[in-house]
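Analysis of the macromolecular model
In case you want the letters, here they are:
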Amino acid sequence: MKVRRVVVALAGVFGILWSSPSDARQTPTFTKDVAPILYKNCSQCHRPDEVAPMSLMTYEEVRPWARSIKSKVLKKEMPPWGVGESSLKFSNDRQMSEKEIDTLVSWVDAGAPKGNDADLPASPTYPGGWKFNREPDVVITMPVEFRIEPRSEYPMLDFYVPVPWTDGMKLIQMSEARPSNKAVVHHITVSLVTFPPGTEVIDGQPFTTDASGKKVPLDRRAARITEQRLPTELQIPREPGEKPDRLGSVGGFTTLLAYVAGRGFDDHPDGVGTPVLPGQYINFNMHYTPTGRVETDRSEVGFWFAREPLKKFHFRTPINERQHVNGKIVRGPVPDAADVEAGRVSQGATAATISAFSGLPPIPPYESNFTVTSELTITQDITINGFYPHMHVRGKSAEYKVVYPDGKEQLLFDVPRYRFDWQERYVLAEPLKIPKGSMLKYKGVFDNSANNPLNPNPDKEVYWSEQSWDEMSLGWIEYTLDKQKLPASTERREQ
Ligand code: HEC
């Protein structure tokens, strides 16, 4: 008798252990187990007024989606993440742990119970709706509210706003662009422009004075050549006799960030950012798509400045020298930076240089595996912080490689299923040093066949253009120059 009672008592003890809260067999509840996972992995997109079609913040919002959530997380379609094979780690990697996936799946399998209200953690906050966890240092709004007519087609439109601060150079470490009307904004490119002296900007449009004293619209292309003469703050000091190279030229026209649905923010390491000076202009390059109703939009961009100590300028460039198509070389290097700086050629100024900079050989109709490989020789030591592969609706896959000076080739990462609707930037968790003498390679593969569901026109030859129904092949890298050292703030003020 005595013995038996002990056994029963022990079973009781184990019974308590088996049902303890830390046991995986315990049914997960929304408030206790599921909400923290959704807040961490889904809420940045699945909240009101964000890119995803529904909010997943409350039990009432999540419950109807339970089965769909299970299927999407099991197939790893949600959260979206493009990297396949990789020798790198990314700070913005959205993949969930197997444990998180298991918890979501067993919660759905158990009938998606709510649990105790008291268990619910505080929901994440997004101050002012911005992606980064604080309000921006400055917000710049388009100078006019633009009216989009129901049945017009719009070319890219440019609006300019003067840099609103007067106290010297700032480095923009983070930025986010936000349309006021998401329904009509297809994309926004935010850039920095330096206009020639004497330019006047009225209602967001630049004017100059002609020989007879009349105000006339400024020809932007003519303006860009003078942009090559940069203020000293923006120049990277060179050793005597050292030639300028494209990796170290800031240029008079700098893209800050691009907004498309799902992406419209950029961030760089601490102390690193795009240099901006009072006197320059913020350029909103807008692409509107009418909805069939009269619409208006006044987009805005928020900037967060790098804090002291400032370290380095952020640079970005596409890998775009020596292009091969399906293995055959199709063109040589882009214009020499020395020629650009001397005004002998101007990047972006002529049709020839535009095509050298961004060109893409025509993609034949029905071709399902059109492969463009581009190379870039690294002419000084750099450190890469991120990547941004860019193609349009025919983009199929992308790949970055490096060939080190000793000839060793290494895969950096690939994106096996490129998605046009996810213009993803891949931000490195650890910066990657690329020594002088290396070569970077970017491969973009295009599917112009009828099997590509996004392809609007498989029987057409496709050319390079900004429009999403045409194509681009740009493997961007984001980097800093190892040799650059910014003066401390006191030295800067004395300059
Ligand atoms: C980076 C933004 C982003 C993140 C993070 C994200 N989603 Fe999504 N999700 C989207 C977008 C956009 C769509 C609609 C387009 C699509 O399906 O790609 C979507 C669609 C879905 C759908 C299908 C909706 C439908 O109409 O069938 C489900 C379910 C879903 N997400 C669940 C989740 C869950 C669960 C998480 C977190 C574990 C998550 N998502 C994280 C952006 C995101």
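Residues numbered from 1 in each chain as written. Predicted model: local features only at pLDDT ≥ 70, side-chain atom pairs only at ≥ 80, totals over all residues.

Looking at the overall build of the protein chain
Heads up, the condition is: Secondary structure elements follow DSSP: runs of H or I no shorter than four residues count as helices, runs of E no shorter than two count as strands, and numbering proceeds from the N terminus. Remark: residues whose backbone-derived C-beta atoms lie within 7 Å of one another are considered to be in contact.
The helix and strand tally for the protein chain stands at nine helices and 25 strands. Put simply, of all contacts in the protein chain between residues at least 6 apart along the chain, 81% involve residues at least 24 apart.

Some remarks on unusual backbone geometry
Applied cut-off: Here a residue counts as buried when 20 or more other C-beta atoms sit within 10 Å of its C-beta, as exposed when there are 12 or fewer, and as partly exposed otherwise, the C-beta atoms being derived from the backbone.
For the peptide bond that leads from Met78 to Pro79, omega is -15°, which places it in the cis range. By the secondary structure assignment, Pro79 is in the loop between helix 4 (66-74) and helix 5 (98-109). Between Glu308 and the following residue, Pro309, the backbone shows a cis peptide bond with an omega angle of -5°. With a phi angle near 55°, Ala112 is a residue other than glycine that sits in the positive phi range. Here Ala112 shows up in the loop between helix 5 and strand 1 (138-141). By C-beta crowding, Ala112 is classed as buried, having 21 other C-beta atoms within 10 Å. Of note in the backbone geometry, Tyr366 takes a positive phi value of approximately 65° without being a glycine. Within the element layout of this structure, Tyr366 appears in the loop between helix 8 (351-358) and strand 19 (370-377).

A few points about helix 2 (residues 30-41)
For clarity, the cut-off: What the arc describes is the spread of directions from the helix axis to the C-beta atoms.
Among the residues of helix 2, those classed as buried are Phe30, Val34, Ala35, Leu38 and Asn41. Summarising the axial view, the buried residues of helix 2 lie within an arc of 150°, below the 170-degree limit, and thus occupy one face. Residues of helix 2 that are buried sit in contact with helix 3 (59-62) and helix 5.

Quick notes on the site of the ligand
The criterion, for reference: Nearness is defined per residue: the C-beta atom, placed using the backbone, must lie within 6 Å of the molecule or strand. Here the term charged refers only to Asp, Glu, Lys and Arg, the term nonpolar to Ala, Val, Leu, Ile, Met, Phe, Trp, Tyr, Cys and Pro, and the term polar to all other amino acids, Gly among them.
Neighbouring residues of the ligand: 18 residues in total, closest Cys42, Cys45, Ala52, Met78 and Pro79. The dominant element in the shell around the ligand, judged by the number of residues it contributes, is helix 4, at four residues. Class assignment for the residues of the shell around the ligand results in eleven nonpolar, five polar and two charged.

Notes on the pairing of strand 4 (residues 170-178)
Defined as follows: Two strands are said to pair when DSSP picks up at least two bridges between them.
The element strand 4 is extensively covered by neighbouring structure, given that nine of its nine residues are classed as buried. Summarising the sheet, strand 4 and strand 11 (residues 272-276) pair through three bridges and their orientation is antiparallel. Considered in strand 11, the bridge of Leu171 is made with Pro275. As defined by bridge partners, strand 4 adjoins strand 14 (residues 300-305) across six bridges and the pair is classed as antiparallel. Note that in strand 14 the partner of Arg178 across the bridge is Glu300. Relative to strand 10 (residues 265-267), strand 4 runs antiparallel, the two sharing three bridges. Paired with Glu176 across the bridge in strand 10 is Phe265.

What to know about the sheet that holds strand 6 (residues 200-202)
Note the cut-off: Axis lines are fitted to C-alpha atoms, over the contacting stretch for helices. Their N-to-C directions set the angle, which ranges from 0 to 180 degrees.
If you walk across this open sheet you meet the three strands as 6-7-8, and the pairing is antiparallel. Looking at which strands have only one partner, the edges of the open sheet turn out to be strand 6 and strand 8 (215-217). Geometrically, the sheet is characterised by an average inter-axis angle of 45° between neighbouring strands, direction not taken into account. Across three bridges, the pairing between strand 6 and strand 7 (residues 205-209) is antiparallel. By the bridge assignment, Val201 is partnered in strand 7 with Pro206.

Quick look at the nonpolar core
The following threshold applies: Think of a nonpolar core as buried Ala, Val, Leu, Ile, Met, Phe, Trp, Tyr and Cys residues chained together by C-beta atoms that fall within 7 Å.
Judged by nonpolar contacts, the single largest core of 32 residues is most densely connected at Ala177, Ile188, Val190, Ile282, Phe284 and Val301. Mapped by element, the contributors of at least two residues to this core are strand 2 (146-148), strand 3 (157-162), strand 4, strand 5 (185-193), strand 9 (253-260), strand 11, strand 12 (281-288) and strand 14. Examining the composition of this core, we find that five residues originate from one element, strand 12, more than from any other. The contact partners of Val190, leaving out residues within four places of it in the chain, are Ala177, Leu256, Leu257, Ile282, Asn283, Phe284 and Val301.

Some thoughts on the environment of Lys312
Looking at the secondary structure, you find Lys312 in strand 15 (residues 312-313). Not counting residues up to four positions away in its chain, the partners in contact with Lys312 are Gly271, Val272, Thr480, Leu481, Gln484 and Leu486.

Details of the pairing of strand 21 (residues 395-403)
Where strand 21 and strand 24 (residues 439-446) come together, eight bridges link them in antiparallel fashion. By the bridge assignment for strand 24, Ala398 is matched with Gly444. Where strand 21 hands over to strand 22 (residues 409-415), the hairpin turn is made up of five residues, of which Gly407 adopts a positive phi near 90°.

Focus on the packing of helix 2 against helix 5
Each pair of packed helices can be summarised by the angle the axes make with each other and by the distance between the axes. Put simply, the rule is: In what follows, roughly perpendicular refers to angles from 65 to 115 degrees, roughly parallel to angles under 35, roughly antiparallel to angles over 145, and oblique to any angle outside these ranges. Handedness of a crossing follows from how the near helix is turned relative to the far one, being left-handed for an anticlockwise turn of less than a right angle and right-handed for a clockwise one.
Helix 5 packs onto helix 2 with a crossing angle of 130° between their chain directions and a minimal axis gap of 10 Å. Taken together, the axes of helix 2 and helix 5 are oblique relative to one another. The element helix 2 and its partner helix 5 pack so that their crossing is left-handed. Residues Asp33, Val34, Ile37 and Asn41 of helix 2 form the contact with helix 5, whose participating residues are Glu100, Thr103, Leu104 and Trp107. A per-class count over the contact of helix 2 with helix 5 returns four nonpolar, two polar and two charged.

Details of the packing of helix 4 against helix 5
Interaxial distance between helix 4 and helix 5 falls to 9 Å at its minimum, and their mutual angle equals 150°. As the angle between them shows, helix 4 and helix 5 are arranged roughly antiparallel. Here helix 4 and helix 5 pass one another in a crossing that is left-handed. Along the contact surface, helix 4 presents Ala66, Arg67, Ile69, Lys70, Val73 and Leu74, while helix 5 presents Ile101, Leu104, Val105 and Val108. Each residue belonging to the contact of helix 4 with helix 5 can be placed in one class, and the counts come to eight nonpolar, no polar and two charged.

Observations regarding the environment of Phe446
Relative to the helices and strands, Phe446 resides in strand 24. We classify Phe446 as buried; it has 26 C-beta atoms within 10 Å. Separated by 25 residues in the primary sequence, Phe446 and Glu471 have C-alpha atoms spaced 9.0 Å apart. Among all residues touching Phe446, those that are not within four sequence positions of it are Ile363, Phe370, Met391, Arg394, Gly395, Lys396 and Glu471.

Geometric descriptors of this kind do not, in isolation, establish any biological role.
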